[in-house]
Amino acid sequence: MTAPLIIIGTGLAGYNLAREYRKLAPEAPLQLISADGGDFYSKPMLSTALASQKSAAQLVMKPVEKMAEELRAEIWTETPVLRLDPAQRRVHTARGELAYSQLVLALGADAFAPPLAGDAAGQVLQVNDLADYARFRAALAGREQVLLLGAGLIGCEFAQDLASNGIQVTVVDPAGWPLSRLLPEAAGRYLQGRLEALGVRFCFGQSAQAVEQAAGRYAVQLADGSALQADLVLSAIGLRPRTQLAAEAGLAVARGIVVDRQLRSSDAQIYALGDCAEVAGLVLPYVQPIMQSARVLAANLAGQAPLLSYPAMPVLVKTPACPTIVCPPLTAGGEWECQALEGGLRALYRDGAGRLLGFALLGSATTERAALSAQLPAWLG
Ligand SMILES: Cc1cc2nc3c(=O)[nH]c(=O)nc-3n(C[C@H](O)[C@H](O)[C@H](O)COP(=O)(O)OP(=O)(O)OC[C@H]3O[C@@H](n4cnc5c(N)ncnc54)[C@H](O)[C@@H]3O)c2cc1C
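The sections below set out a description of the structure shown in this document. These numbers come from a predicted model, not from an experiment. (Residues numbered from 1 in each chain as written. Predicted model: local features only at pLDDT ≥ 70, side-chain atom pairs only at ≥ 80, totals over all residues. Heavy atoms only, no water.)

1. Some points on helix 6 (residues 185–197)
- Across its 13 residues, helix 6 extends 18 Å between first and last C-alpha, which sits within 8% of the 18 Å expected from 1.5 Å per residue.
- Three or more residues of helix 6 are buried, namely Ala187, Gly188, Leu191, Gln192 and Leu195. For helix 6, the angular spread of the buried residues around the axis is 140 degrees, confining them to a single face.
- In this structure, the buried residues of helix 6 make contact with helix 5 (153–163), strand 12 (201–204), strand 22 (324–327), strand 24 (344–350) and strand 25 (356–363).
- Where helix 6 terminates, the next one or two residues include glycine 199, which has phi positive at roughly 115 degrees. (Helix = DSSP H or I, 4+ residues; strand = E, 2+ residues; numbered from the N terminus. Expected span 1.5 Å × (residues − 1). Buried < 20%, exposed > 50% of the residue type's maximum accessible area, 1.4 Å probe, protein only. Arc of directions from axis to C-beta. Contact = heavy atoms within 4.5 Å.)

2. Here we look at the packing of helix 1 (residues 12–24) against helix 8 (residues 287–301)
- Axis separation between helix 1 and helix 8 bottoms out at 8 Å; the angle between their running directions is 40 degrees. Classified by the angle between their axes, helix 1 and helix 8 sit oblique to one another. The element helix 1 and its partner helix 8 pack so that their crossing is right-handed. Each of Leu12, Ala13, Asn16, Leu17, Glu20, Tyr21 and Leu24 in helix 1 lies in contact with helix 8, whose residues at this interface are Val287, Ile290, Met291, Ala294, Arg295, Leu297, Ala298, Ala299 and Leu301.
- Per-class residue counts for the contact of helix 1 with helix 8 are 13 nonpolar, one polar and two charged. (Axes fitted to C-alpha atoms, helices over the stretch in contact; angles between N-to-C directions. Parallel < 35°, antiparallel > 145°, perpendicular 65-115°, else oblique. Left-handed = near helix turned anticlockwise from the far one by under 90°. Nonpolar A, V, L, I, M, F, W, Y, C, P; charged D, E, K, R; others polar.)

3. Points about the sheet that holds strand 1 (residues 5–8)
- Ordered by their spatial adjacency, five strands build an open sheet running 3-2-1-7-19, and the pairing between neighbours is parallel. The open sheet has two edge strands, strand 3 (74–76) and strand 19 (270–272), and neither has a second partner. In this sheet, adjacent strand axes meet at a mean angle of 20 degrees when their direction is disregarded.
- Where strand 1 lies against strand 2 (residues 30–33), four bridges are found, and the strand directions are parallel. Counted as the bridge partner of isoleucine 7 is leucine 32 from strand 2.
- Lying on the sheet, helix 1 is in contact with strand 1, strand 2, strand 3 and strand 7 (102–105); it crosses strand 2 at an angle near 175 degrees.
- Here helix 8 sits on the sheet and contacts strand 1, strand 7 and strand 19; the angle it forms with strand 7, its principal contact strand, is near 170 degrees. (Pairing = 2+ DSSP bridges.)

4. With respect to the pattern of salt bridges
- If you walk through the whole model with that rule in mind, you get twelve salt bridges.
- The shortest N-O distance in the salt bridge between aspartate 110 and arginine 242 comes to 2.8 Å. Within this pair, whereas aspartate 110 is found in strand 8 (residues 109–111), its partner arginine 242 is found in the loop between strand 17 (239–241) and helix 7 (244–248), the two being separated by 132 residues in sequence.
- Classification of aspartate 110 as partly exposed rests on a relative accessible area of 37%.
- In this structure, arginine 135 engages aspartate 132 in a salt bridge whose closest nitrogen and oxygen atoms are separated by 2.7 Å. Highlighted residues: arginine 135 and aspartate 132, both in helix 4 (residues 130–140), separated by three residues, approximately one helical turn.
- On the accessibility criterion, arginine 135 (49% relative accessible area) is partly exposed. (Salt bridge = Lys/Arg side-chain N within 4 Å of Asp/Glu carboxyl O.)

Quick look at the structure:
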């Protein structure tokens, strides 16, 4: 019997690839392996689920049994892959080992654990999958004050979602303004103002050092010696591509698992996509790049040889208090120009020759997204 194509991971990357592959190879043997429960859900909904009043169970769009049936695939769940053996073309799991014809790593990324001291450091929550979300919702029940670490994209979305549901939120970040890696200061301040109007408090230029338990609540020590109290502490300080399995198997790894424009790793039979991958030098942990990659990789696995290209792909920040669309420049060397508008702000990033390389649109300026996107150079031409 022919060894199957094995996909490790049942997130958006693994499942979208499996769907695309099935369109091209309806009968080929296909196996997925996942460390989690394998139910299909949309991860971006984790940071808007309070507003949409959905529990973790209600976020499941398709249970794993239905996915297996639709994909005509075997799916092993709750089965971490422990080791790859590229020489023998086998993967080792807690449930046994399997041979593959071709292997795809769709492993996602780990949430950074904040380096904290204190007796309650281990109780700081992170939300990076459905099981995390279920724990977060259980811990939030009946609570009023949340301290959020990180004012990046995911932190701001959780701040909005919590505040619009009546929770008092304080966000701590060592940077000077929200989304500091994606937005120039004027745009960040605009977003800050809109979130503050919703009730969110920001504590910039500060980092948490320790979390102690205090009478059923938490006391969070900040670097300047002050302390903040909260009922729950949530961390959203960034993600790190899961590269360990690949590195231990001798595959090339940099910020992510290194793959070329056919999504092929340094081993000819192993591919990677999604948050774990560094594709032609780019680590883009967003949905749109995954969809593009899934189509191109499926075609490669089915015996064609297309190359991946990326247009510029703006990201929508899910903060209804301040609709925001960012298309960050991928290269440095230019400058931001910001312009306040009636009910919004436009920030354009241009190089020395005046070429548009990125933008941020807030409030009323979001209507300019299509026109500006059309002027941007491709991210991967
Ligand atoms: C709260 C939140 C909001 C977001 N909002 C947006 C948004 O609005 N727009 C946007 O574009 N992007 C957004 N993103 C990013 C986007 O959701 C991710 O880029 C995408 O979901 C990543 O999919 P993935 O399949 O690569 O990884 P994951 O969904 O993390 O899947 C990884 C899979 O690999 C499995 N796995 C890992 N290690 C092993 C192992 N050793 N053995 C077996 N299985 C393993 C896991 O169990 C899982 O099934 C958001 C992310 C978060 C956390």
